[in-house]
Amino acid sequence: MRLKRRSGAIFALVATAALVASGCSSGGNNSQSSSGLYKNPVTITWWHNANTAGPLKDYWQKVANDFHALHPTVTIKISAIETNDLQRNRIPAALLSGNPPDLFQAWGGGEMVEQVQSGYLKDITADTKTEVASMGPAANIWAVNGKQYGLPYDFGIEGFWYNKDMFTKAGITSKPATLDDLKADIAKLKTAGDTAIAVGAGDKWPAAHFWYNFAVRECSATALSNASTKQDFTDPCFVKAGDDLKSFLATSPFQAKFLATSGQQGASSSAGLLANGKAAMELMGAWDGGTMQGLTPDQKEPTFLDWFPFPSVPGAGGSQNTQMGGGDGFACSKKAPPECVEFLKYIVSPEVEKGFSATGAGVPTVKGAEVGLADPVLQTIAKATQSAGGIQLWLDTAFGAKAGTAMNDAIVAIFANKGTSQGVVDALQKSAGR
Amino acid sequence: MTATQPSVSLADRAPARPAGPRPRVPGRAARTRRKWYEIIGLTGPALLVFTLFVLVPIGFAVYYSLYRWHGYGWPTEFVGLDNYFGPLGAFRDPIFRDGLRNNFIVLVGSLAVQGPLALGIALLLNRRFRGRAVFRLLVFVPYVLAEVTVGIMWQLILQPDSAADSFLRSIGLGGLVTGWLANLNVVLWTMLFVLTWKYTGFALILFLAGLANIPDELTEAAAIDGASWWQIQRHVTIPLLGPTIRIWMFLSMIGSLQLFDIPWVTSQASVRSLGASNTMATYMVEEGFNQRLWSYGNTVAVILFVISFVAALLFQRFVLRRDVDGALTRRAN
C-alpha cells in the first residue's frame, strides 16, 4: 500500500515534469512553434469585402498569390462578399456554425467585443507587437481589453467627396467649414440646377451616417462612450442630433427618390451619381474613390473629385474637430492555423501596404506606407485623419449590431419623413432590452 | 373475407385429394404483423428524414422562441411568450404587422390577378393557331428564370429614369411615373406586378395540363348541342378544370405567405424597414440575422409556420376536400 502510493507519487512527479517540460518548449520557445510553420500544406480561407471588380479585388488576389509564392505550403482561398452582407449575415452565421473562414474582414469596436466574448477570435497579441507599434492608436479599435484580435490595413475619416467642377459652376469658391456654409452651398448648387448631395438611403447606413456625424458634433466624448459601453442613450445630445438632421433635410439636399438608391451598386447608386457628374457631393468614407473607380464608363476615378471633412455645427455641444471614421481590418478565427497570423502580418507589412495605398482604395495604417498614395484626395484624407482632434468609430460599429440596426432603421424613418428625433433614441433604448 | 374462400374450395375438392395435412394459411395475427413490417419498412426512412429535418427543427424553433437569446451558447433566459405578445414582441411591432398585411395583400392580389389572367390565356392557347408553341413558351419563360435574376432585372428596369420610366414617357403616360421602388405607397404594388409577371406562367402551365385532360368528346357533344364557344368554356371546361384551379390556389396561397426573394432583391432595405415592402419572411431574416436577435427571428418563423399551416389545413378541409378525398382523407367509397 505504502509502496503503491509512493510509485503513484513518482509517476505523478514524472508526469508533471514531462508536462512542464513540454509546456516550456511549446509556450516559451517560439522558434519551435514557428519551425512548424509552412511545414504542412494548409489552406487559408479568406473573406474580404472587395467584391466589386476593381483594383482592390485584383490586388488582394495578387497578395494571396505572392504569399503562396513565398510559402508554397500555404494556399489561400478567397471569397469576396459585399460589405453589408458580409458583416451582418455571412460572418455571424459562419461563426455561429462553427465553421468560420480562417481570415475575415473585421471592423473592430462593439462587434469585435461580442466576437471575443464568444471565443471566436484568435488572440494575436504576442505575434503582432511590431505591427501594432507601427500603426499607432488606430490599432486599438481592433483590441479588446488590451489584447489584439485583429489588425487594420486601412483607416480613414469620412467626409464629403465632391465635384470641384460643379462647385465652380455654382459659384462656390471655398470648402464649407460650418454647417451654415454647407447649407448655403447646397442652395447655390440647387440654383445651378444640380443635385447637391447623393445619398444611398436604400442601404440605410449611408443615410444614417448624417445622423452619426451630427451626434459626434452634439455629444461630448463621455456621452458617446457611455452610449457605446453602457448602452446609455439618455444624454439629450442624441435628440439634438435628430433635430439637426431634420433641419438639414428641410433644405432638400438629396437626389429624388433617394429611398430606393443603393450606396455602391451600379451607376444609379449614390457613388455612381457622384462619379458620373449627376450629383455634387456624397458623404462617405475614404473608400469612396475606389468604389467610384468601378462605376465610371472608363473605370477610372474621376479627376474632378476633392474632399472636405464634416463641417462644424455652430452652437453644438460636442467636439467640432472630432471626426468619425473607421477602418478595415482582418481577424483570424480561433481555430485558424498559425499561418493565418503570418499572412495577416504580411498583409500589413509596409511593402504590401504601399501597394494597397497605390490602389486608391483606402488609407494605409502602417507608417511610411502613405507614400504609396497616388490619389491626391486620399492624401487630403490622410492629413485630415492625422490632424483630427479625435476619432470616433462609426456609431453602428461602436454600438454593436443590435443597437446599430435599430438606430439605422429609426434614422431612415426620419429620412422618409415618418420618424422623429426622439424615435431614434427610443429605438436605441428599446434595442438594449431585446 | 379472403380467409373463407380457400376453405370453401378445399371442401369442394375434398374427395379428389386424400386426407393430408391442411395447407398452412397464415393467421390473421401473422398477416397483420407482416403488414406492419411493410408499413414500417417503407415509411421508416421517409419518416426518419421528415422527423429529423422538419419536426425537430420546428420543435427547436418553438423552444428558442421562448427565450431571450442572441445565438451565443445555449439559451438560458426564459421569457415565455414575450417574443410573441410582450411589449417588444412581434405582434406589438408595427413593422411586423405591416409585413403580415403585405403578405395578405400579395395573397389576395395573386389569386385575384394571376388566376383569371392565366385562365384566360390558357383557354385562348388551348385552341389551335399558328405560333401557339412560341406563345406558350413566351408566357412561361418568366417562371423558368431564377427569382434573383428576375428581381435584379426589375430593380434595374424600375430605377428612376430607367427603362420603365422611359417607356411610359414614350407612350405618353409620363404623368404616371413615380418612385416605383421609393414611393412607400407604391412599392408593394410594384412587387405585386413583378410577382404577377413571374408567376402567371406557373398558373398557366398547370391550367394547360388540366385542359389537356378534359376529353374532346365533352366539348364536341356540347358543340353538337349548339353551345357557343363561350358556353362550352363556362359550363364544360372551367368546371372540369376545377381541381387544377383549386390546387393552383393552394400553391399560390402558400407561396404568397412565404414570399421572400422578390421583395428582398428588388426593393431596398430602407423601404422594407419602413414596412412598405417587407413580408414576414424578409422581416424574419432582417431581425433574426441582421440584428442577431436569434430567438426573436425564431419567433417570427414560428408565427409564419403556424399561419401557413392553419391556412393550408383550412384550405384542405373546405376547398380541396372533394379533390383529395380518398387520397389524403378517409377511404373513398
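These numbers were taken from a predicted model, which means no experiment stands behind them.

Please explain the overall build of chain B as it appears in this structure.
Counting its secondary structure elements, chain B contains 15 helices and two strands. In chain B, buried positions account for 28% of the 333 residues. Restricting the contact set of chain B to residue pairs at least 6 apart, pairs at least 24 apart contribute 65%.

Just to check I follow, could you spell out the overall build of chain A for this structure?
What chain A contains, in helices and strands, is 19 helices and eleven strands. For the C-alpha atoms alone, the extent of chain A along its principal axes is close to 100 × 50 × 35 Å. When each of the 434 residues of chain A is scored for burial, the buried share is 53%. For chain A, long-range pairs separated by at least 24 residues make up 72% of all intrachain contacts whose partners lie at least 6 apart in sequence.

Explanation requested: the environment of A212 of chain B in the structure shown.
All names here are of chain B. Within the secondary structure, A212 is located in helix 8 (residues 187-212). Under the C-beta neighbour-count criterion, A212 is labelled exposed, with 8 such atoms within 10 Å. Considered as a pair, A212 and N126 are 86 residues apart in the sequence and their alpha carbons are 8.2 Å apart.

Sorry, what's going on with helix 3 (residues 55-70) of chain A here?
What sets the pattern is the α-helix's 3.6 residues per turn: residues three or four places apart point alike. Residue and element names in this part refer to chain A. Given a rise of 1.5 Å per residue, 16 residues ought to cover 22 Å, and the 22 Å separating the end C-alpha atoms of helix 3 matches this to within 8%. Restricting attention to buried positions, one finds in helix 3 the residues L56, K57, W60, V63, A64 and F67. Angular distribution of buried residues about the axis of helix 3 spans 120°; they occupy a single face of the element. Opposite its buried face, helix 3 presents the exposed residues D58, N65 and A69, each directed more than 90 degrees away. Along its buried surface, helix 3 packs onto strand 1 (42-48), strand 2 (74-80), helix 13 (288-293), helix 14 (338-347) and helix 15 (350-359).

Before we go on, may I ask you to explain the pairing of strand 8 (residues 281-284) of chain A in this structure?
Residue and element names in this part refer to chain A. With burial as the criterion, each face of strand 8 is covered, one bearing M281 and L283 and the other bearing E282 and M284. Summarising the sheet, strand 7 (residues 159-163) and strand 8 pair through four bridges and their orientation is antiparallel. Within the sheet, the bridge partner assigned to G159 lies in strand 8 and is M284.

Would you mind going over unusual backbone geometry with me for this structure?
The bulk of non-glycine residues show a negative phi, and the bulk of peptide bonds are trans. The backbone of Q299 of chain A shows a phi angle near 60°, a positive value even though the residue is not glycine. Residue class for Q299 of chain A comes out exposed when judged on the 12 C-beta atoms lying within 10 Å of it. Even without a glycine there, the phi angle at D161 of chain B is positive, about 60°. Looking at where D161 of chain B falls in the secondary structure, it is placed in the loop between helix 6 (147-157) and helix 7 (163-170).

Sorry, what's going on with the confidence of the model for chain B here?
Low-confidence regions, as indicated by low pLDDT, have predicted coordinates that should not be scrutinised in detail. All names here are of chain B. Summing up the model confidence of chain B, the mean pLDDT is 86 and the portion of residues at 70 or higher is 89%. Per-element confidence in chain B ranges from a low mean pLDDT of 44 for helix 1 (residues 4-12) to a high of 94 for helix 11 (residues 261-266). Scored below 50 in pLDDT, residues 1-16 shows two contacts in the model against residues more than four places distant or in partner chains. For this predicted complex, the interface score ipTM comes out at 0.79, while the overall pTM is 0.78.

Any chance you could explain the sheet that holds strand 7 of chain A here in plain terms?
Working definition: the strands of a sheet are paired by backbone hydrogen bonds and lie parallel or antiparallel to each other. Residues and elements named next belong to chain A. One open sheet accounts for three strands, arranged 8-7-9; its pairing is antiparallel. On the outer flanks of this sheet lie strand 8 and strand 9 (305-309), each paired with one strand and no other. Strand-to-strand, the axes of this sheet are offset by a mean angle of 25°, without reference to chain direction.

How do you make sense of the environment of N183 of chain B when you look at a structure like this?
Residue and element names in this part refer to chain B. Following the sequence through the fold, N183 ends up in the loop between helix 7 and helix 8. The class for N183 is partly exposed, based on 16 C-beta atoms found within 10 Å. Separated by 88 residues in the primary sequence, N183 and V271 place their C-alpha atoms 8.6 Å from one another.

Please explain the interface of chain A and chain B as it appears in this structure.
Counting from both sides, the interface comprises 28 residues of chain A and, opposite them, 21 residues of chain B. The set of elements that each furnish at least two residues to the side of chain A that touches chain B consists of helix 4 (83-97) and helix 18 (401-415) of chain A. Sorting elements by how many residues they give to the side of chain A that touches chain B places helix 18 of chain A first, with seven residues. Here the side of chain A that touches chain B is built from residues that sort into twelve nonpolar, seven polar and nine charged.

Is there a simple way to think about the pairing of strand 9 of chain A in this case?
Both faces of the sheet carry side chains from a regular strand, because those side chains alternate between them. Residues and elements named next belong to chain A. Only one face of strand 9 is covered, namely the face carrying L305, W307 and P309; the face carrying D306 and F308 is uncovered. Here five bridges tie strand 7 to strand 9, and the two strands are oriented antiparallel to one another. Each bridged residue has a counterpart across the sheet, and for G159 the counterpart in strand 9 is P309.

Honestly, the confidence of the model for chain A in this entry has me stumped. Any pointers?
Residue and element names in this part refer to chain A. Of all residues in chain A, 91% have pLDDT values of 70 or greater, and the mean over the chain is 87. The secondary structure element of chain A with the lowest average pLDDT is helix 2 (residues 30-35), at 43, and the one with the highest is helix 11 (residues 237-249), at 97. Low pLDDT, under 50, characterises residues 1-34; the predicted model gives this stretch three contacts beyond four residues in sequence or across chains.

Can you help me understand the packing of helix 9 (residues 205-218) of chain A against helix 11 of chain A in this one?
Helix-helix packing is described using two parameters, namely the angle between the two axes and the distance between the axes. Residues and elements named next belong to chain A. It is at 8 Å that the axes of helix 9 and helix 11 come closest, and there the two elements cross at 125°. Taken together, the axis directions place helix 9 and helix 11 in an arrangement best described as oblique. As helix 9 runs across helix 11, the sense of the crossing is right-handed. Note on element contacts: helix 11 touches helix 9 through C237, F238, K240, A241, G242, D244, L245 and F248, opposite F210, W211, F214, A215 and E218. Considered class by class, the residues forming the contact of helix 9 with helix 11 number nine nonpolar, one polar and three charged.

Is there a simple way to think about the packing of helix 5 (residues 132-144) of chain B against helix 8 of chain B in this case?
Residue and element names in this part refer to chain B. It is the contact of helix 5 with helix 8, at a shortest axis distance of 7 Å, that shows an interaxial angle of 115°. The handedness of the crossing between helix 5 and helix 8 is left-handed. Seen from helix 5, the contacting residues are V139, F140, V141, P142 and Y143; seen from helix 8, they are W197, K198, Y199, T200, G201, F202, L204 and I205. Within the contact of helix 5 with helix 8, the residues separate by chemical class into ten nonpolar, two polar and one charged.

Calculation criteria
- Residues numbered from 1 in each chain as written.
- Chains lettered and ligands numbered in written order.
- Predicted model: local features only at pLDDT ≥ 70, side-chain atom pairs only at ≥ 80, totals over all residues.
- Helix = DSSP H or I, 4+ residues; strand = E, 2+ residues; numbered from the N terminus.
- Buried ≥ 20, exposed ≤ 12 C-beta atoms within 10 Å, placed from the backbone.
- Contact = placed C-beta atoms within 7 Å.
- Expected span 1.5 Å × (residues − 1).
- Arc of directions from axis to C-beta.
- Pairing = 2+ DSSP bridges.
- pLDDT = per-residue confidence, 0-100.
- Axes fitted to C-alpha atoms, helices over the stretch in contact; angles between N-to-C directions.
- Nonpolar A, V, L, I, M, F, W, Y, C, P; charged D, E, K, R; others polar.
- Parallel < 35°, antiparallel > 145°, perpendicular 65-115°, else oblique.
- Left-handed = near helix turned anticlockwise from the far one by under 90°.

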